[in-house]
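Coordinate inspection notes
Listed below, chain by chain, are the residues.
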Amino acid sequence: MAAGAIVRSSDAEGARLEDHHERARRPHRRNGLPLLNVFWTMLWFFLWVLFLMLLFRIIADVFRDDRLSGWGKAGWSIFVIVLPFLGAFVYLIARGRDMGERDLRAIQKRHEQFRAYVRETAGAPESTSTDELVKLAELRKHGDISEAEYQRAKTRVLA
């Protein structure tokens, strides 16, 4: 009986060796992907990165919105984190238009802050037409410009 077991064992080893040799003769695909597979891999990677960027933008918008209560922020955050695909689509449908308007308001606010900073830093106050007319009147009063020059400058300022 022991001899029979040995024969079966050697038969199993022989089958394993034949299977190994047969696999060795097949062409391997480990060395490179066909061009179409590379394209699909890049496409799926791009879509995945795009979706992650969308999720981060949604979460940032949730926390940037001043009109949304704390419970609303918590609810949207949990919804987007637990069910990301459904949460992102529902958020875009429900609050997508407001999302763009909030971005526009934030950009305008930053632009105004930048302009105010530049004005403050430059130190040159904006002169209005009234200020220029007052300066022209003083120049005429002191005799620095004639009446004709005053009238020409006045029409230029008021135009």
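Above this text is the structure in question.
If you're wondering where the values come from, they're calculated on a predicted model, not measured in any experiment.

Regarding its fold elements, the chain presents six helices and zero strands. Counted from the first residue to the last, the chain has its helices and strands arranged as α-α-α-α-α-α. A burial count over the chain gives 14% of its 159 residues as buried. Partitioning the contacts of the chain with sequence separation of at least 6, the portion at a separation of at least 24 is 45%. A total of about 13300 Å² of accessible surface is found on the chain, and carbon and sulfur atoms cover 64% of it.

Within soluble globular proteins, side chains that are nonpolar generally end up buried alongside one another. Within the largest apolar cluster, 10 residues are counted, these being F51, L55, I58, V62, L68, W76, V80, A88, Y91 and M99. Listing elements by their share of this core, those giving two or more residues are α2 (35–64), α3 (70–82) and α4 (84–122). Here this core takes four residues from α2, the largest share from any one element. Discounting chain neighbours no more than four positions away, the residues touching M99 are R57, I58, D61, Y91 and L92.

All told, the structure shown has seven salt bridges when counted by the stated rule. Note that D103 is salt-bridged to R57, the shortest N-O span being 2.2 Å. You can see D103 sitting in helix α4 and its partner R57 sitting in helix α2, a full 46 residues away along the chain. The exposure class assigned to D103 is buried, which follows from its relative accessible area of 15%.

This part covers a nonpolar patch on the surface. Together, L36, F39, W40, W44, F46, L47 and L50 line one region of the surface with nonpolar side chains, adding up to about 780 Å² of accessible area. Take F39: it is sitting in helix α2.

The terminal C-alpha atoms of α2 lie 43 Å apart, and with 30 residues this matches the ideal 44 Å at 1.5 Å per residue to within 8%. Residues F51, L55, I58, D61 and V62 constitute the buried set of α2. Buried residues belonging to α2 abut α3 and α4.

A separate point is the packing of aromatic side chains. Pairs of aromatic rings are described using the distance from one ring centre to the other and the angle between the two planes. With the rule as written, the count across this model stands at five aromatic pairs. Centroid distance W76 to F79: 6.1 Å. Interplanar angle 50°. Geometry classified as tilted. Placement of both W76 and F79 in helix α3 is noted, with a separation of three residues, approximately one turn of the helix. On the basis of relative accessible area, W76 is assigned to the buried category, the value being 18%. Through a chain of ring-to-ring contacts, three or more aromatic side chains come together here, namely W48, F51 and F85. One cation-aromatic arrangement involves R140 over Y150; the distance from NZ or CZ to the ring centre is 4.1 Å.

Procedures and definitions
Residues numbered from 1 in each chain as written. Predicted model: local features only at pLDDT ≥ 70, side-chain atom pairs only at ≥ 80, totals over all residues. Heavy atoms only, no water. Helix = DSSP H or I, 4+ residues; strand = E, 2+ residues; numbered from the N terminus. Buried < 20%, exposed > 50% of the residue type's maximum accessible area, 1.4 Å probe, protein only. Contact = heavy atoms within 4.5 Å. Areas by Shrake-Rupley, 256 points an atom, 1.4 Å probe, with all protein chains shown as cover. Core = buried A, V, L, I, M, F, W, Y, C linked by side-chain atoms within 4.5 Å. Salt bridge = Lys/Arg side-chain N within 4 Å of Asp/Glu carboxyl O. Patch = residues over 30% accessible without salt bridge, like charges linked within 9 Å, V, L, I, M, F, W, Y side chains within 5 Å. Expected span 1.5 Å × (residues − 1). Phe/Tyr/Trp six-rings, centres within 6.5 Å; stacked < 30°, edge-to-face > 60°. Lys NZ or Arg CZ within 6 Å of the ring centre and 35° of its normal.

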